[in-house]
Amino acid sequence: QVQLVESGGASVQAGGSLRLTCVFSGQTYALRCVAWFRQAPEREREGLAMIDFEHAHYADSVKGRFTISRGYTNNTLTLELNSLTVDDSAMYLCAADRAFCRPSLSVGDFAYWGQGTQVTVSS
């Protein structure tokens, strides 16, 4: 099994920045595709960014504002969030799978999920 634990969520003002971290543990071998999603109340889970070794892909809604990176030596995944708006408020979750990343950034492409960390942006 694989365990994913997110941290770094907080309440911030609009225009602010945050750094989210996801730590992988357990059977982490061959976790090829790792990603960040978010889910706001009464909305579908939204894919934000994924990284497959050195190749990163972003959703249009966060491109240019969010940056995903992966630490292979310490089994971590990071998401830098900049220029935050009220619409970015959500629970942020990391996800992982042993398959290579697919272009769709879909929920169904990932077998392992964390519990999430809350980001709240106020105006």
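Per chain, residues are indexed from 1 in the order of the written sequence. At least 70 in pLDDT is required for a residue's local features to be given in this predicted model, at least 80 for side-chain atom pairs to be given and counted, and no such filter applies to totals for whole chains, interfaces and linings, which use all residues. The basis for every side-chain value is the complete set of non-hydrogen atoms in the structure, without hydrogens or water.

**Side note on unusual backbone geometry**
The backbone of Glu-42 shows a phi angle near 65 degrees, a positive value even though the residue is not glycine. Relative to the helices and strands, Glu-42 is located in the loop between β4 (33–39) and β5 (46–52). Buried means the residue's accessible area, taken with a 1.4 Å probe over protein chains only, is under 20% of the maximum for its type, while exposed means over 50%, and partly exposed covers the values in between. What makes Glu-42 exposed here is its relative accessible area of 85%. The secondary structure listing takes helices from DSSP runs of H or I that are at least 4 residues long and strands from runs of E that are at least 2 residues long, numbered from the N terminus.

**Quick notes on the state of the cysteines**
Two cysteine sulfur atoms form a disulfide, by the criterion used here, when they sit within 2.5 Å. Taken as a whole and judged by the stated rule, the model has 2 disulfides. Disulfide pairing places Cys-22 opposite Cys-94 at an S-S distance of 2.0 Å. Handedness of the Cys-22-Cys-94 disulfide follows from its S-S torsion of about 55 degrees: it is right-handed. Remark: Cys-94 occurs in strand β9 (residues 90–97) and Cys-22 occurs in strand β3 (residues 18–26); sequence separation between them is 72 residues. Summarising the burial analysis for this pair, Cys-22 and Cys-94 share the class buried. Among the cysteines of the chain that take part in disulfides, numbered as they appear in the sequence, the pairing is 1-3, 2-4.

**Section: empty space enclosed by the protein**
Think of a 1 Å grid over the protein atoms and nothing else: a 1.4 Å probe that fits but is trapped marks a cavity, an open set flanked by protein within 12 Å on at least five of seven lines marks a pocket, and residues with an atom within 4 Å of a point count as lining. Grid points are joined across faces, edges and corners, and a volume is the space filled by probe spheres set on the points. Scanning the entire structure with this criterion turns up 1 cavity of 30 Å³ or more. Roughly 40 Å³ of volume is contained in the largest cavity. Its residues placed into classes, the lining of the largest cavity shows 5 nonpolar, no polar and 3 charged. Residue polarity follows a fixed list, in which Ala, Val, Leu, Ile, Met, Phe, Trp, Tyr, Cys and Pro are nonpolar, Asp, Glu, Lys and Arg are charged, and the others, Gly among them, are polar.

**A closer look at a nonpolar patch on the surface**
Judged by side-chain polarity, Phe-53, Tyr-72 and Phe-100 come together as a nonpolar surface patch covering roughly 310 Å² of accessible area. Its place among the elements puts Phe-100 in the loop between β9 and β10 (112–113). Look at Phe-100 and you get partly exposed, because its relative accessible area is 48%. Residues qualify for a patch when their relative accessible area is over 30% and they have no salt bridge, like charges being joined within 9 Å and the nonpolar side chains of Val, Leu, Ile, Met, Phe, Trp and Tyr within 5 Å. Residue-level accessible areas treat just the shown protein chains as cover; the underlying method is Shrake-Rupley with a 1.4 Å probe. Any carboxyl oxygen of Asp or Glu within 4 Å of a side-chain nitrogen of Lys or Arg constitutes a salt bridge here.

**Quick word on the pattern of salt bridges**
Under the counting rule described, the total for this entry stands at 6 salt bridges. Across the pair Glu-46 and Arg-38 runs a salt bridge, and its minimum N-O distance is 2.8 Å. With a shortest N-O distance of 2.7 Å, Asp-88 and Arg-65 are connected by a salt bridge. You can see Asp-88 sitting in the loop between β8 (76–81) and β9 and its partner Arg-65 sitting in the loop between β6 (55–58) and β7 (66–71), a full 23 residues away along the chain. The pair Asp-88 / Arg-65 is uniform in exposure class, with both members buried. Look at the salt bridges and you will find they share partners, linking Arg-38, Glu-46, Arg-65 and Asp-88 into a network.

**Quick notes on the pairing of β8**
Counting buried positions over the 6 residues of β8 gives 5, a clear majority of the element. Pairing between two strands is assigned when DSSP locates at least 2 bridges connecting them. For β3 and β8, the ladder comprises 6 bridges, and the chain directions are antiparallel. Counted as the bridge partner of Val-23 is Thr-76 from β8. With 6 bridges connecting them, β7 and β8 associate as antiparallel partners. Within β8, the residue paired with Ser-69 across the bridge is Thr-78. As consecutive antiparallel partners, β7 and β8 are separated by 4 residues, and within that stretch Asn-75 has a phi angle of approximately 50 degrees, a positive value.

Any functional reading would require information that these geometric values do not contain.
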